[in-house]
Amino acid sequence: MAQKKEEDDKVRLDKWLWAARFYKTRALAKTAIESGKVHHRGERCKPGKEPRIGDEYVIRAGFDEKTVVVQALSIVRRSAPEAQALYRETEASIARRETAAAQRKAGALGVSTDGKPSKKQRRDLFKFHGSNSE
């Protein structure tokens, strides 16, 4: 049993992110870390970094950016409630994500158009850009 505890103390970051269910596979976690989507103290991480209890990580996935604090270490992927016990998301991070989700839902961040341009509008665009195809 003591050997299992020692293994839990030496956890790779990609394995912890997979066990905490941030990514579906360990390979996806490793790719995300290598592409700069996981930061610790404002710097990019490496997949072999060993997270410690109390460390704060910024994890970007899609539109969301979560700031989480490590609460426990694990090398085993378990059920979602057990995985959520491995970390705690900061209050500021939750508020930021909710605000961003509300803005996306309201359409404030996207480019809204009236649809496909008509033939005349397309000609005007070509004229404006100076690439008349006629």
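Anything mentioned here points back to the structure above.
The rules we used
- Residues numbered from 1 in each chain as written.
- Predicted model: local features only at pLDDT ≥ 70, side-chain atom pairs only at ≥ 80, totals over all residues.
- Heavy atoms only, no water.
- Core = buried A, V, L, I, M, F, W, Y, C linked by side-chain atoms within 4.5 Å.
- Buried < 20%, exposed > 50% of the residue type's maximum accessible area, 1.4 Å probe, protein only.
- Helix = DSSP H or I, 4+ residues; strand = E, 2+ residues; numbered from the N terminus.
- Contact = heavy atoms within 4.5 Å.
- Arc of directions from axis to C-beta.
- Polar contact = N/O pair within 3.5 Å; in protein donor to acceptor, adjacent residues only side chain to side chain.
- Salt bridge = Lys/Arg side-chain N within 4 Å of Asp/Glu carboxyl O.
- Pairing = 2+ DSSP bridges.
- Axes fitted to C-alpha atoms, helices over the stretch in contact; angles between N-to-C directions.
- Phe/Tyr/Trp six-rings, centres within 6.5 Å; stacked < 30°, edge-to-face > 60°.

Asker: What should I look at first to understand the nonpolar core in this one?
Answerer: Soluble globular proteins: nonpolar side chains tend toward being buried together. Core analysis: the largest hydrophobic core is formed by 21 residues, its most contacted members being Trp16, Leu17, Phe22 and Val38. Those elements that place two or more of their residues in this core are α2 (13-19), α3 (26-34), β3 (56-61) and β4 (64-70). In terms of residue count, the dominant contributor to this core is α2 (four residues). Contacts of Trp16, omitting those with residues within four sequence positions, involve Val11, Phe22, Pro51, Val70, Ala72, Leu73, Ser74, Leu86 and Tyr87.

Asker: For this particular structure, what's the right way to read α3?
Answerer: Quick reminder: α-helices carry 3.6 residues per turn. Residues three or four places apart thus point the same way. Of the residues making up α3, those classed as buried are Ala29, Ala32 and Ile33. The buried side chains of α3 occupy one side of the element, clustering within an arc of 100° when seen end-on. The inward-facing, buried residues of α3 contact α2 and β1 (38-40). Where α3 ends, the next residue or the one after it, Gly36, has phi of about 85°, a positive value.

Asker: Teacher, can you tell me more about the side chain of Ser93 here?
Answerer: Inspection of the secondary structure puts Ser93 in helix α5 (residues 91-106). According to the relative accessible area criterion, Ser93 is buried, its value standing at 0%. Within the local environment of Ser93, its side chain forms a polar contact with the backbone nitrogen of Thr67, the two atoms lying 3.0 Å apart.

Asker: Which parts of the structure should I look at to understand the pattern of salt bridges?
Answerer: Here the idea is simple: oppositely charged side chains can pair when their charged atoms come close. Going through the model one piece at a time under the given rule, you end up with seven salt bridges. Measuring nitrogen to oxygen at the nearest pair gives 3.6 Å for the salt bridge that ties Arg52 to Glu50. Here Glu50 falls in the partly exposed class, since its relative accessible area comes to 29%. A salt bridge links Asp124 to Lys120; its shortest N-O distance comes to 3.3 Å. In this pair, Asp124 and Lys120 are both assigned in helix α6 (residues 119-129), four residues apart and thus about one turn of the helix distant.

Asker: Just checking my understanding: could you explain the sheet that holds β3 for this structure?
Answerer: Either a parallel or an antiparallel arrangement is found when strands of a sheet pair, and the pairing is made through backbone hydrogen bonds. As summarised here, the arrangement of the five strands in space is β2-β1-β3-β4-β5, forming an open sheet in which the pairing is antiparallel. Taken across any chain shown, the strands that pair with only one partner, and hence form the sheet edges, are β2 (43-44) and β5 (87-89). In this structure, β4 lies alongside β5, joined through three bridges in antiparallel fashion. Among the inter-strand pairings, Val69 is bridged to a residue of β5, identified as Arg88. Sheet strands in contact with α5 are β4 and β5, and its direction is about 165° off that of β4.

Asker: Explain the packing of aromatic side chains here, please?
Answerer: Counting across every chain of the model gives two aromatic pairs. Taking 6.2 Å as the distance between ring centres and 40° as the angle between the ring planes, the aromatic pair formed by Trp16 and Phe22 counts as tilted. By relative accessible area, which is 15% here, Phe22 ends up buried. Each ring, one from Phe22 and one from Tyr87, has its centre 4.6 Å from the other, and the planes form 40°; the classification is tilted. In this pair, Phe22 is assigned in the loop between α2 and α3 and Tyr87 in strand β5, connecting sequence segments 65 residues apart. Here the two residues Phe22 and Tyr87 agree in accessibility, since each one is buried.

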